[in-house]
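Letter by letter, the chains look like this.
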Amino acid sequence: MIILLLLVTATARITVCLPSIEVLQSTNTYLTTADKIHLKKILEPGLSFNDVSLVYYAVQGYRFLEEPLPNQQNICEYLTKVIKENSNITTEKAFYIASTWKAIGSCGELPSLTVRKVLLSPIEKDGSSMIELYYAVSGLTALSEKLPRDKVDKITKAVQSMLRKDDNLWNLGYTFHIASGLGTSDAFAFDRVEDAIIQADEVDGQYLQFEGGLSVTSFLVNGIFKLSHNLKKKPSLSSPQIVKMANYLLSRRSVQTPRGVMNLLSALTTLASSDFEQPICVTLANECVSISAQQPLVTVKVCNILGGPVTGMSKVTANSATRIGDDAVILSKQNLQPSPMDKTLFTMNLMEAKPERGFYKISVTAGSVTNVVTVKVLCKVVVDYLEIGTGDADQTTQPKLTRVIHPEKLSHKIEADSQQKLVMRFLLKDDISKKPMRAHQVFVRLSSASDSKDDKDRKSREILFVAEPDTSQLYKFDMPVGSTAVNFDHQSGDYNVELIVGDAILSNPFQWTVATVNLKFPEPTSNERIDKSTSYQHKTNVYTTKPEIQHMFREPEKRPPAFVSNLFTGLCLAPVFLLLILWAKLGVNISNFPLSLSALTFHLGLGSIFVLFGIFWLKLNMFVTLRYLLGLGVVTFLAGNKMLSRIAHKHKLR
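Rules used throughout
- Positions within a chain are numbered from 1, following the residues in the order the chain's sequence is written.
- Since the coordinates come from a predicted model, pLDDT governs what is reported: local features require at least 70, and pairs of side-chain atoms require 80 or more to be given and counted, while whole-chain, interface and lining totals use all residues.
- To obtain the side-chain values, all non-hydrogen atoms of the structure were used and water was disregarded.
- Secondary structure elements follow DSSP: runs of H or I of four or more residues count as helices, runs of E of two or more count as strands, with numbering from the N terminus.
- Contacts are residue-level and defined by heavy atoms, with any inter-residue pair within 4.5 Å sufficient.
- All accessible-area figures derive from a Shrake-Rupley calculation using a 1.4 Å probe, and residue coverage is judged against the displayed protein chains alone.
- Residue ranges for the domains trace back to a domain assignment, done automatically or taken from a database.
- The buried area of a pairing is the accessible area, by a 1.4 Å probe, that goes missing from both parts when the two are put together, added over both.
- The salt bridge criterion pairs a side-chain nitrogen of Lys or Arg with a carboxyl oxygen of Asp or Glu, the two atoms within 4 Å.
- For two strands to be treated as a pair, DSSP must find at least two bridges joining them.
- Relative accessibility thresholds used throughout: buried, under 20% of the residue-type maximum; exposed, over 50%; partly exposed, between the two (1.4 Å probe, protein chains only).
- In this description, a line fitted to the C-alpha atoms serves as the axis of each element, helices being fitted only across the stretch in contact, and the angle between N-to-C directions of two axes falls anywhere from 0 to 180 degrees.
- Crossing handedness: left-handed means the near helix sits turned counterclockwise from the far one by under a right angle, and right-handed means the same turn made clockwise.
- As a working rule, the residues Ala, Val, Leu, Ile, Met, Phe, Trp, Tyr, Cys and Pro are called nonpolar, Asp, Glu, Lys and Arg charged, and the rest polar, with Gly in that last group.
- By convention, a stacked pair of Phe, Tyr or Trp rings (six-membered ring in the case of Trp) has centres within 6.5 Å and planes under 30 degrees apart, an edge-to-face pair has planes over 60 apart, and any other such pair is tilted.
- For a lysine, the NZ atom is tested; for an arginine, the CZ atom; a charge sits over a ring if that atom is within 6 Å of the ring centre and within 35 degrees of the ring normal.

### Let's talk about the overall build of the chain
What the chain contains, in helices and strands, is 18 helices and 20 strands. Considering only contacts within the chain whose residues lie at least 6 apart along the sequence, 68% involve residues at least 24 apart. Carbon and sulfur atoms form 56% of the exposed surface of the chain, whose accessible area is close to 39,200 Å².

### Topic: the domain arrangement of the chain
Interface size is commonly expressed as the accessible area that is lost once the parts come together. What the domain assignment lists for the chain is domain 1 (30–145), domain 2 (147–267), domain 3 (281–377), domain 4 (381–451 + 460–519) and domain 5 (595–653). Domain 1 and domain 2 are separated by 20 Å when their C-alpha centres are compared. When domain 1 packs against domain 2, the two sides together hide about 2,500 Å² of surface, and 77% of this comes from carbon and sulfur. Of all residues in domain 1, Tyr57, Met130 and Tyr134 give up the largest surface area on contact with domain 2, accounting jointly for 26% of the area buried on that side. Taken together, the connections running from domain 1 to domain 2 amount to two salt bridges. A salt bridge links Lys154 to Asp126; the shortest N-O distance between them is 3.2 Å. Looking at the side of domain 1 that touches domain 2, the elements with two or more residues in it are α2 (33–43), α3 (52–65), α6 (114–124) and α7 (130–142).

### Topic: the sheet that holds strand β7 (residues 329–338)
As summarised here, the arrangement of the eight strands in space is β3-β5-β8-β7-β6-β9-β10-β4, forming an open sheet in which the pairing is mixed. Strand pairing shows two members of the sheet lacking a second neighbour, β3 (280–284) and β4 (290–291), which therefore form its edges. Pairing geometry for strand β5 (residues 297–304) and strand β8 (residues 345–349), over five bridges, is antiparallel. Paired with Leu297 across the strands is Asn349, a residue of β8.

### Considering the side chain of Asn496
When you line up the elements, Asn496 lands in strand β19 (residues 493–502). With sequence-adjacent residues up to four places away left out, Asn496 is seen in contact with Lys409, Arg445, Leu446, Ser447, Ala449, Thr513, Ala515 and Thr516.

### What to know about the pairing of strand β20 (residues 510–519)
By the criterion of burial, β20 is predominantly enclosed, with eight of the 10 residues buried. Judged from the three bridges that link them, strand β13 (residues 414–416) and β20 form a sheet pairing that is parallel. Bridge pairing links Ala416 to Leu519 in β20. Sheet topology note: the β19/β20 ladder contains nine bridges and is antiparallel. Pairing of Ile500 across the sheet is with Gln511, part of β20.

### As for the packing of helix α9 (residues 169–180) against helix α12 (residues 214–231)
At a minimum axis separation of 8 Å, α9 and α12 run at an interaxial angle of 30°. Two packed elements cross with a definite hand, and for α9 against α12 that hand is left-handed. Judged by residue contacts, Leu169, Trp170, Leu172, Gly173, Tyr174, Phe176, His177, Ala179 and Ser180 of α9 engage Ser215, Val216, Phe219, Leu220, Asn222, Gly223, Ile224, Lys226, Leu227 and Asn230 from α12. Looking at the contact of α9 with α12, its residues break down into 11 nonpolar, seven polar and one charged.

### Topic: the environment of Val611
Residue position: Val611 is located in helix α17 (residues 597–618). The spacing of Val611 and Pro522 is 89 residues in sequence and 82 Å in space, taken between C-alpha atoms.

### As for the sheet that holds β19
Strand order in the open sheet formed by five strands is β13-β20-β19-β15-β16, with mixed pairing between adjacent strands. Two strands close off the open sheet at either side, each with one partner strand: β13 and β16 (462–466). Taking the axes of each pair of neighbouring strands and ignoring which way they run, one obtains an average angle of 30° across the sheet.

### Quick look at the packing of aromatic side chains
A full pass over the atoms with the stated rule returns 18 aromatic pairs. Relative to Tyr174, the ring of Tyr134 has its centre 5.4 Å away and its plane inclined at 40°; by these criteria the two rings are tilted. Within this pair, whereas Tyr134 is found in helix α7, its partner Tyr174 is found in helix α9, the two being separated by 40 residues in sequence. Grouping residues by exposure puts Tyr134 and Tyr174 together as buried. In this structure an aromatic cluster arises from ring pairing among Tyr56, Tyr57, Phe95, Tyr96, Tyr134, Tyr135, Trp170, Tyr174 and Phe219. Cation over ring: Arg63 sits above Phe64, and NZ or CZ is 4.7 Å from the ring centre.

Right, dumping it as C-alpha cells:
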C-alpha cells in the first residue's frame, strides 16, 4: 500500500511539472509565385545541354513547378547523342538519362539497350555499393523494368547486409528508395524509418532537419513517403514533425543551384501530395495588414505548402480576436467568407466588431489546423482643440492663449521676449471612439521662418521639443524664452511653430504649422561668448589631420655609477677566481679528459653559451640572444649526450 501511494505521488509530481507545449499546426509560409519565378531562373542554365546531371535537375525542376519544358525535342536528341557517343556510360549517368527520358514523356522509346544493360550490371555482379544499387533500381523503375524474384531477393540481402555494417542517414535514404522500387519486398525497410526520424534535429521549435542540410533532408523525405505510399502505411511522423520539416524546406527557398532547387521542389511536392497528411499554411495574404475604416477586411490565405488550394477546404473560422496588451476579446466564432476569385483566400470584416486601435491576435481555424495571425488596427487622430500663446516665465499671471483650429494657422504673429514663455496646450482624440489618446511621437518643432527679414543675415535654425501628456491625456508644452536662448544661439527673429504627431497605429500622421512666433532672446553674457568662441575654435579643427600616434617605449632605468658596477661584477666573478686558485693549489687532473670530437664540441659549446650570456648582458637584446642560444644549445646537447655515452661505455668495459 505504501509503495502504491509513493508511485501515485511521484506520478502526480511529474504531471504537475510538465510544461505546456504549444503544438505547431500550420507552416510559417508557403511557396509563393515570386519564389517559383526565382527557382525557375536557377533551373534555366541547366537546359544548356552541357551536362546530363544538370539537364536531369532542370527537367525535374520544371516538372515539379508544372512549367512547360522548352525545347523538349532538342533535349531528347541530346540524350540520344550521349548514349551513342559514350561507350562507357556509368550507372549514375544511365540513371540520369532514364529518369530524364521518363520525366519528358514525349521522347518515345529509348533508342538503345545500352542504358538498360548498364543499369542491370550492378544488380548482376556481387559487391556493388549502396549508391550503385540505388541508381540501378531507380533507373530501371524509370524504364518500367520489373525485376525477377531472384534479383529482388539478391538486392534485398545485399542492402540489409550493408545496412548492418553502416546505417548512416545516406544509407538509410538509399535503402528507402531502393525498397520502394522493389514492389512487395520493401517491407524490410519500413521498420528502419523510425531509426532515421529519431536522428532529425529540431531547431528553435520551428524546424526539423537532418544533419547534412537540404540534400539529405530532401532525400530522406522523398524515400520515407515513397515507401509509405507503396505499403499504404503512415510513416511514424507526427503532425508537428511534418509541419516542422516543411518549415525547414521552405526556409531554404534561396538555393542557388539546379540540384538544390530540384531537391527542394521534390521534397515539397512529396509532402504536399502525401496520401496521409498534408501540411497546410494558414497565414495573412499580405505580410503587414493594417485595418482601418478605409480597409476593413482581414484576408487570410489557406493553402498547401506549394501555394495551391486545399482540397475540401470550404470553412474557415476566426475563433477569437484578442487585443495585445490587455487581452480584450472583441469577437469569437466568426466565419470567414471565401473569395470568388481565389480559392485560397478567405476574408472577414474586422471593423464590424468596432475594435480600438492597437495590435490584435486572431486565432484562425481551417479544417483541423489552427494558427494565430497578427493584424494592426489603425485609427484616425483628430486634434480636439489646441491653444497657443505666451505667459510670464515666473508664472505670476495666467498665460494668454488663443485657440487654433486644425489644420489652419494662427492669423497673427505671437510676440515673446526673454521674460516670457511660449505655451501650447492641445488634446488628441480617436476619431471613432472620441476618447482622448496618446501618440508615441509628439514633437513641437521651431524653425526659422522663411519670410523673416533677418533670414538672409542669420543662420537657419530648428529645434525639436518633446510634448508630454498629463494624467488626463492633455499635452502641455512650455518653453521659457530666456533659458532656451542658448539652444537658438541667441538668434532672435521669427520662428514657425509646428506640431508633429506620428504613431505606428495612426492612419493619418501629420505635420501642422500652428503659428509664427517672434522670439526676442537676451544678449549672451561674457561667459557664453567665451564658451561659444571656444566651441567654435574646437570645431574648426575637427577635420584637420591629427598628429601620428607613435608607440613610446619606457625609458631605461638610470644605471648606477661605474665603481658600483665594477665592484658588483668583481663580486660575481669572485667564485670563478676562487675556483681557479683551488685548482692551482690542488692540481687539475686532465688525464681523463676524453680526446674526442664530441667532448671538444661539448666544452666549446658550453663555453660559448657562457660567453653569449655575457654579451647579452652587455649589448644584445633577448630575441637575438635566443636565436643564437637555440643553435648553440642544440649542438651542445647532442655533443654532451655523445660524450657521456662514450664515458659510460668505457666504464662498462673496465
